[in-house]
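# Per-entry structural report
The chain contents come next:
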Amino acid sequence: MDSSFMVFSGAATKYLAERICQSLGCPLGQLVITHFSDGEFAVSYEESIRGRDIFLVQSTFPNSDNLMELLLMIDAAKRASARTINAVIPYFGWARQDRKDKPRVSIGAKLVADLLSVAGINRLITMDLHADQIQGFFNVPVDHLYGSGVIMPYLQSLQLKDLVIASPDVGGSKRANTYAKYLGCPLVLCNKTRARANVVATMQVIGDVTDKNVVIVDDMVDTAGTITKAADLMKEAGAKTVRACASHCVMSGPASERVMKSALEEIVFTDSIPFNSHDCPKVKQLSVADMFAETIRRVINNESISDQYLV
């Protein structure tokens, strides 16, 4: 590999950065984060990065320290004369705030894009944005990867007969259709209404799931209210088994308890966000380290990444 590049990681995503470096055959760069008693912290590189192509691995899941840590890493790299600064953000937080869906609200995804741009990134490498159009918030190249690259081969390995792909809401139908098309199976939808954020009011199944092995597809699972309600409805409608898969394992609040009590056989995520499987044994995580490592390798060598996409 070209020695002109270096990979560094924030504290929260070090587990993934180490796997990426192992795949690339390079050491993880030395970076120190110093914390002050009032909660403030500072970032410093412990080796020269002058003239190097820097890849900073950090998912920006809550709390906000992870985002601030990444911004400080970018700023420090710029001031240390790095040649290019590439933000590798497997989970791009704040992405659900991608538009004004009611008066007088913020558009958090655009704000975060502006913060990253002003801090000084030259490229963004991310995965399964909540809305594809968030790429347009950036004026630098965005390499948008898909967790389906590791999830779909796993689903194929299960060799499930009478397979049906389901979307937990109409908004996710495009994503679910991609899975159904690749796996060559039918698609069903759930029509839901929300009482408020994270609270589902009503839900109905559109399509036949009787005696089928159902896999519900989503981009992330937060409190697991939608996915577990959909799973229970599928089971009540006659499904043989119900599984779920999503790229990002947010799993906050009552999520683990809900999944354990639901009709779900298992729920499959990537490792874009760390999760302790002891909290919920039904959770299985697949690593995206090789996929991100291959993308970094191709960026360094100025090669196309399009053939990494399964569909």
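Bear in mind that the values here come from a model prediction, so they are computed numbers and not experimental data.

Calculation notes
Residues numbered from 1 in each chain as written. Predicted model: local features only at pLDDT ≥ 70, side-chain atom pairs only at ≥ 80, totals over all residues. Heavy atoms only, no water. Helix = DSSP H or I, 4+ residues; strand = E, 2+ residues; numbered from the N terminus. Buried < 20%, exposed > 50% of the residue type's maximum accessible area, 1.4 Å probe, protein only. Polar contact = N/O pair within 3.5 Å; in protein donor to acceptor, adjacent residues only side chain to side chain. Axes fitted to C-alpha atoms, helices over the stretch in contact; angles between N-to-C directions. Parallel < 35°, antiparallel > 145°, perpendicular 65-115°, else oblique. Left-handed = near helix turned anticlockwise from the far one by under 90°. Contact = heavy atoms within 4.5 Å. Nonpolar A, V, L, I, M, F, W, Y, C, P; charged D, E, K, R; others polar. Pairing = 2+ DSSP bridges. 1 Å grid on protein atoms, 1.4 Å probe; cavity = no way out; pocket = protein on both sides within 12 Å on 5 of 7 lines; lining within 4 Å. Points joined across faces, edges and corners; volume = space filled by probe spheres on them. Expected span 1.5 Å × (residues − 1). Arc of directions from axis to C-beta.

Another point: the environment of Ser 48. Turning to its location among the elements, Ser 48 is positioned in the loop between β3 (41-45) and β4 (53-57). By relative accessible area, which is 56% here, Ser 48 ends up exposed. For the pair Ser 48 and Gly 29, spaced 19 residues apart in sequence, the C-alpha separation works out to 9.9 Å. A polar contact of 3.5 Å, which involves the side chain of Ser 48, links it to the backbone nitrogen of Arg 50.

Helix packing for two helices is described by the angle between their axes and how far apart those axes are. Two elements in contact, helix α4 (residues 148-158) and helix α5 (residues 173-183), have axes whose closest approach is 11 Å; the angle formed by their N-to-C orientations is 45°. Viewed along their axes, α4 and α5 adopt a mutual orientation that is oblique. The way α4 lies across α5 gives a crossing that is right-handed. Residues Ser 148, Ile 151, Met 152, Leu 155 and Gln 156 of α4 pack against Tyr 179, Tyr 182 and Leu 183 of α5. Within the contact of α4 with α5, the residues separate by chemical class into six nonpolar, two polar and no charged.

So, about unusual backbone geometry. Going from Pro 62 to Asn 63, the amide bond is cis rather than trans, its omega being 10°. Among the secondary structure elements, Asn 63 is positioned in the loop between β4 and α2 (65-79). In this model, Gln 159 sits at a positive phi of 50°, which is unusual for a non-glycine residue. Take Gln 159: it is sitting in the loop between α4 and β8 (163-167). A relative accessible area of 68% places Gln 159 in the exposed class. One non-glycine residue, Asn 302, lies in the positive phi region at around 55°. In this structure, Asn 302 sits in the segment after α8 (289-300).

With that settled, the discussion passes to the environment of Ile 206. Assignment of secondary structure puts Ile 206 in strand β10 (residues 199-206). Ignoring any residue separated from it by four or fewer positions in sequence, one finds Ile 206 in contact with Val 188, Leu 189 and Asn 191.

As a further point, take the sheet that holds strand β5 (residues 84-89). For sheets, the rule is that strands pair by backbone hydrogen bonds, running either parallel or antiparallel. As summarised here, the arrangement of the five strands in space is β1-β4-β5-β6-β7, forming an open sheet in which the pairing is parallel. Looking along the sheet, the strands with just one partner apiece sit at the ends: β1 (5-9) and β7 (142-145). The mean inter-strand angle of the sheet, taken between neighbouring strand axes irrespective of direction, is 15°. The pairing of strand β6 (residues 123-127) with β7 spans four bridges and is classified as parallel. Counterpart to Thr 126 in the pairing with β7 is His 144. Helix α1 (residues 14-24) rests against β1 and β4 of the sheet, and its axis sits at about 155° to β1.

Tracing the sequence through the fold places Gln 58 in the loop between β4 and α2. A polar contact of 3.3 Å, which involves the side chain of Gln 58, links it to the backbone oxygen of Asn 66.

This part takes up empty space enclosed by the protein. It is a probe the size of a water molecule, rolled over the atoms, that shows where empty space is left. Under the defined criterion, the tally for this structure stands at one cavity of 30 Å³ or more. If you add up the space inside the largest cavity, you get close to 30 Å³. Around the largest cavity, the lining residues are Tyr 91, Phe 92, Ala 95, Met 127, Asp 128, Leu 129, His 130, Met 220 and His 248. Looking at the lining of the largest cavity residue by residue, the classes come out as six nonpolar, two polar and one charged.

Spanning twelve residues, helix α3 (residues 108-119) covers 16 Å between terminal C-alpha atoms, matching the ideal 16 Å at 1.5 Å per step. Taken residue by residue, α3 has Gly 108, Ala 109, Val 112, Ala 113, Leu 116 and Ala 119 as its buried positions. Viewed along the axis of α3, the buried residues span an arc of 140°, placing them on a single side of the element. Facing away from the buried side of α3 by more than 90 degrees, the exposed set consists of Leu 111 and Val 118. Residues of α3 that are buried make contact with α2 and β5.

The residue Asn 213 is located in strand β11 (residues 213-221) in this model. Here the side chain of Asn 213 touches Thr 241 through a polar contact of 2.5 Å, side chain to side chain. Those residues in contact with Asn 213, other than ones at most four positions away along the chain, are Leu 160, Lys 161, Asp 162, Leu 163, Val 164, Lys 240 and Thr 241.

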